[in-house]
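Each chain, written out:
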Amino acid sequence: MTIEIVSAHRSFGGTQGVYSHASAATGTAMTFSVFVPDHAPGVRLPVLWYLSGLTCTHANVTDKGEFRRACAEAGVIFVAPDTSPRGPDLNGGEVPNDDAYDFGQGAGFYVNATQAPWATHFHMRDYIEQELPAIVAANFPVDMARQGITGHSMGGHGALTIGLRNPARFRSVSAFAPIASPLACPWGDKALGGYLGPDRAAWRNYDACALIEDGARLPALLVDQGAADGFLAEQLKTELLVAACDRAGMAATIRMQPGYDHSYYFISTFMAEHVAWHGELLKA
């Protein structure tokens, strides 16, 4: 549970920190950021997890997400982990560093890989669902009975699937431009095929639409998708998530935002709304 402080800054009446630790789940060093609003001594605050997208680290949302004012107002801790294990010598150099933006380092897809050489280190599901929550609970004033999760793109896929697999843990789930069905898009074919192998039945635990079809439900869901997003038609397929929720009778607020693309200009525009929405649902 030992963590090292990489940096710490005052911001919006709270503390924005970046931390590193040796991960048992990935067998590598991992880095994450945490914003803790000021609070009375002894008070424990709800926590909102944010999962980032392809090529990103914790730094993208930390630097560009514009969440701190909203988190300070809502009294919500904001945690942003990295997207994959990293390092020049993973698996003795077998794992490439930058061969593809949509596979390998920076593209962990929040799965537990079963295929060589990825299976040694790429256990992002275990890291996000088990190890990091235990570390955060041991080192920060979080109330683990009040958790929400959100994310962008690949991270939106992660937030949806982790939320659907753990509905008793997360009171609220939201996403920005999520990959709605990796089973039905090129990004998913490449990543899930590479990490999990050719048996598509094994992919269903990592596909939000499949999980809903198989009976999983969320207590509350909010999704924002830019209508001008260049990835919408081929990769994100928001319409499949809408259809899955409708067929299941699962309440969901899924909004198409005219003119918005896939960037952090889009995310930061709606971030405060998402934080406030989570904050209401995470109240004691």
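Everything numeric here is computed off the predicted structure, so don't read it as measured data.

Definitions and limits used
- Residues numbered from 1 in each chain as written.
- Predicted model: local features only at pLDDT ≥ 70, side-chain atom pairs only at ≥ 80, totals over all residues.
- Heavy atoms only, no water.
- Salt bridge = Lys/Arg side-chain N within 4 Å of Asp/Glu carboxyl O.
- Helix = DSSP H or I, 4+ residues; strand = E, 2+ residues; numbered from the N terminus.
- Contact = heavy atoms within 4.5 Å.
- Core = buried A, V, L, I, M, F, W, Y, C linked by side-chain atoms within 4.5 Å.
- Buried < 20%, exposed > 50% of the residue type's maximum accessible area, 1.4 Å probe, protein only.
- Phe/Tyr/Trp six-rings, centres within 6.5 Å; stacked < 30°, edge-to-face > 60°.
- Pairing = 2+ DSSP bridges.
- Axes fitted to C-alpha atoms, helices over the stretch in contact; angles between N-to-C directions.

**Q** Could you give an account of the pattern of salt bridges, naming the residues involved and the relevant values?
**A** Evaluation of the coordinates by the stated rule reveals 12 salt bridges. Two residues, Arg10 and Asp38, come together in a salt bridge whose shortest N-O distance is 2.9 Å. With Arg10 in strand 1 (residues 4–11) and Asp38 in the loop between strand 3 (29–37) and strand 4 (45–51), this pair connects stretches of sequence that are 28 residues apart.

**Q** Run through the side chain of Ser181, naming residues and quoting values.
**A** Within the secondary structure layout, Ser181 lies in the loop between strand 7 (170–176) and helix 5 (186–196). Contacts of Ser181, omitting those with residues within four sequence positions, involve Asp207, Cys209, Leu236 and Leu240.

**Q** Provide a residue-level description of the nonpolar core, including the pertinent values.
**A** Phe32, Phe78, Val79, Phe109, Phe140, Tyr195 and Met271 are the most contacted members of the largest nonpolar core, which totals 84 residues. Not counting the four nearest positions on each side in its chain, Phe109 is found in contact with Leu54, Thr83, Asp102, Met154, His157, Ile179, Trp187, Ala191 and Tyr195.

**Q** Got a sec to walk through the packing of aromatic side chains? Specific residues and values, please.
**A** Under the defined criterion, the tally for this structure stands at 15 aromatic pairs. Between the aromatic rings of Tyr50 and Phe78, the centroid separation amounts to 5.8 Å while the plane-to-plane angle is 25 degrees, which identifies the pairing as stacked. On the criterion of sequence distance, the pair formed by Tyr50 in strand 4 and Phe78 in strand 5 (residues 77–81) is long-range, its members being 28 residues apart. Phe78 gets classed as buried once you look at its relative accessible area, which sits at 0%. On the numbers, 6.2 Å between centres and 50 degrees between planes, the contact of Tyr260 with Phe266 is tilted.

**Q** Lay out the pairing of strand 8 (residues 221–226) with the relevant residues and their values.
**A** Of all 6 residues making up strand 8, 6 are buried, and the element is well covered by its neighbours. Burial along strand 8 is two-sided: the residues Leu221, Val223 and Gln225 and Leu222, Asp224 and Gly226 are all buried. Sheet topology note: the strand 7/strand 8 ladder contains 4 bridges and is parallel. Along strand 8, the bridge assignment pairs Phe176 with Asp224. Direction of pairing for strand 8 relative to strand 9 (residues 253–257): parallel, over a ladder of 5 bridges. Following the sheet pairing, Gly226 is matched in strand 9 by Gln257.

**Q** Just give me the short version of the sheet that holds strand 5, but keep the residues and values in it.
**A** Reading across from one edge, 1-2-3-5-4-6-7-8-9 is the order of the 9 strands in this open sheet, with mixed pairing throughout. Of all the strands in the sheet, the pair left with one neighbour each is strand 1 and strand 9. Along the sheet, successive strands turn relative to each other by an average axial angle of 20 degrees, direction set aside. Pairing of strand 2 (residues 14–22) with strand 3 involves 9 bridges; the strand directions are antiparallel. From the neighbouring strand, Ala22 faces strand 3, where its bridge partner is Ala29. Running over the sheet, helix 3 (residues 124–139) touches strand 2, strand 3, strand 4, strand 5 and strand 6 (142–151) and is turned about 50 degrees from strand 3.

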